[in-house]
Structure formats: structure tokens, C-alpha cells
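Each chain is listed here by its residues.
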Amino acid sequence: MTYLVKRLESAVRRDLDAAMLEQGLTTPQYAALSILRRHPGISSAQLARRAFVTAQSMQVMVAAFVKSGYVERRPSKDNQRVLCNHLTEAGHTLLTLCEQSADEVEMKMLDGMDEATIETLRGVLAVCVQNLSRP
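So, how was this worked out
- Residues numbered from 1 in each chain as written.
- Predicted model: local features only at pLDDT ≥ 70, side-chain atom pairs only at ≥ 80, totals over all residues.
- Heavy atoms only, no water.
- Patch = residues over 30% accessible without salt bridge, like charges linked within 9 Å, V, L, I, M, F, W, Y side chains within 5 Å.
- Areas by Shrake-Rupley, 256 points an atom, 1.4 Å probe, with all protein chains shown as cover.
- Salt bridge = Lys/Arg side-chain N within 4 Å of Asp/Glu carboxyl O.
- Lys, Arg positive; Asp, Glu negative; His and termini not counted.
- Charge placed at Lys NZ, Arg CZ, Asp CG, Glu CD.
- Helix = DSSP H or I, 4+ residues; strand = E, 2+ residues; numbered from the N terminus.
- Core = buried A, V, L, I, M, F, W, Y, C linked by side-chain atoms within 4.5 Å.
- Buried < 20%, exposed > 50% of the residue type's maximum accessible area, 1.4 Å probe, protein only.
- Contact = heavy atoms within 4.5 Å.
- Polar contact = N/O pair within 3.5 Å; in protein donor to acceptor, adjacent residues only side chain to side chain.
- Expected span 1.5 Å × (residues − 1).
- Axes fitted to C-alpha atoms, helices over the stretch in contact; angles between N-to-C directions.
- Parallel < 35°, antiparallel > 145°, perpendicular 65-115°, else oblique.
- Nonpolar A, V, L, I, M, F, W, Y, C, P; charged D, E, K, R; others polar.
- Left-handed = near helix turned anticlockwise from the far one by under 90°.

For the chain, an unreviewed UniProt entry supplies the name Transcriptional regulator, MarR family and the organism Rhodococcus wratislaviensis.

Here it is in C-alpha cells:
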């Protein structure tokens with residue numbers, strides 16, 4: 001079973017990488033922008049933890065986002081030394097395009113399944129993640 005999960009992860013990653021490349025991003029960059037939409041104002045360190053990349057990698061990523069106009073950084077209200085990251089309008093626009101591409105990958109993956117099967121799959125996968133998240 002774990003072999004099938006790994007094959008699925010590899011296939012999804014391959015297709016998602018190709019879809020994001022069309023938008024000029026990597027999959028980790030897409031993930032970071034998605035996280036920023038859900039958690040505006042988080043620090044780069046928090047963003048790195050949530051995106052499963054090193055703090056150093058995230059610093060490079062955020063610098064590229066700022067240079068491209070997708071993210072702006074503002075000092076935290078609580079600590080002026082901490083810079084908080086926010087999506088710009090251009091960042092929101094790019095993320096919307098990326099999400100459309102990601103939805104196409106998901107639709108391809110789920111092709112031929114009815115809604116009940118999709119909901120069952122979603123529930124089973126959630127339980128698997130929850131089980132493996134326990135200490």
C-alpha cells in the first residue's frame with residue numbers, strides 16, 4: 001500500500017511541477033504563495049515551517065517574490081525587527097492562475113470517479129495523515 005501512495009505522490013508532483021512551470025513557479029513556490037493567502041502577515045520563518053523548506057530556502061524564495069512583485073514585506077506591529085509577508089495584487093492574480101492549474105491536475109487524477117468515491121478517498125487519506133501524525 002505505501003508503494004501505491006508513493007507512486008501517487010510522484011505522479012501528482014510530476015504533473016503539478018509541470019503545471020506550475022507554465023506559470024513560472026516551482027511547486028514549493030506555489031505552496032508558499034498558497035500558505036500566504038491563508039495566513040497573511042506571517043514571517044518567513046513561519047512560512048518556511050509550513051511549506052516544509054529550510055529558513056534559508058524560504059529567504060531566497062521570498063526575496064524572489066518581492067523582486068517579482070508578488071509579495072511585500074512590512075514590519076510586524078509587535079516587533080519591528082520581524083518582517084511580515086503579504087501577497088500583492090499581482091501575487092493574488094498569479095496564485096489564482098496556479099490554483100486553476102492545480103485543479104486541472106486534481107481533476108485528471110480523479111477522472112472516472114463519482115462524488116461518493118471521491119469523498120471516501122478524501123476521508124481515507126485524511127485518516128491516514130492523522131494516524132501518521134500521532135506520536
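Peer 1: What am I meant to see in a negative patch on the surface here?
Peer 2: On the surface, E22, D103, E104 and E106 cluster together into a patch of negative charge. It is helix α5 (residues 89–109) that contributes the most residues to the negative patch, three residues altogether. Secondary-structure assignment places D103 in helix α5.

Peer 1: Is there a simple way to explain the environment of V60 in this structure?
Peer 2: One can find V60 in helix α4 (residues 55–68). In the structure, V60 is positioned 28 residues away from T88 in sequence and 18 Å away in space, judged by C-alpha atoms.

Peer 1: Please clarify how the nonpolar core should be interpreted in this entry.
Peer 2: The nonpolar side chains of a soluble globular protein tend to be buried with one another. Core analysis: the biggest nonpolar cluster contains 24 residues, and M20, L25, L33, L47, M58 and F65 have the highest contact counts within it. Of all the secondary structure elements, the ones that give two or more residues to this core are α1 (2–22), α2 (27–38), α3 (44–51), α4 and α5. Apart from residues lying up to four places away in sequence, L33 is in contact with L25, F65, V71, L87, L94 and L95.

Peer 1: Honestly, the environment of T88 in this entry has me stumped. Any pointers?
Peer 2: Tracing the chain through its elements places T88 in the loop between β2 (83–87) and α5. With 48 residues separating them in the primary sequence, T88 and P40 have C-alpha atoms 10 Å apart. Excluding residues that lie within four positions of it along the chain, T88 makes contacts with G69, Y70, V71 and E72. Among the polar contacts listed, one links the side chain of T88 to the backbone oxygen of G69, at a separation of 2.4 Å.

Peer 1: How should I be thinking about α2 in this particular structure?
Peer 2: An α-helix turns once per 3.6 residues; consequently, residues spaced three or four apart project the same way. Compared with the 16 Å implied by 1.5 Å per residue over 12 residues, the 17 Å span of α2 between its first and last C-alpha is a close match. On its buried face, α2 sits against α1, α3, α4, β1 (71–75), β2 and α5.

Peer 1: Looking at this model, I keep getting lost on the packing of α1 against α2. Mind explaining?
Peer 2: Axis angle and axis distance: for two packed helices, these are the angle between their axes and the distance between the axes, and together they describe the pair. For the pair α1 and α2, the least separation of the axes is 8 Å and the interaxial angle reads 80°. Relative to α2, the element α1 is oriented roughly perpendicular. Mapping the contact onto sequence places R13, L16, D17 and M20 in α1 and T27, P28 and Y30 in α2. Tallied by class, residues from the contact of α1 with α2 come to four nonpolar, one polar and two charged.

Peer 1: I'm lost on a nonpolar patch on the surface in this one. Help?
Peer 2: Taken together, the side chains of M113, L121 and L125 define a hydrophobic patch exposed on the protein surface, amounting to about 210 Å² of accessible area. Judged by relative accessible area, which is 33%, M113 ranks as partly exposed.

Peer 1: Please clarify how the packing of α2 against α5 should be interpreted in this entry.
Peer 2: Contact geometry of α2 with α5 gives a least axis separation of 10 Å together with a crossing angle of 115°. Like other packed secondary-structure pairs, α2 and α5 cross with a definite hand, here left-handed. Residues Y30, L33, S34 and R37 of α2 lie in contact with α5, whose contacting residues are H92, L94, L95, T96, C98, E99 and A102. Residue classes in the contact of α2 with α5 are distributed as six nonpolar, three polar and two charged.

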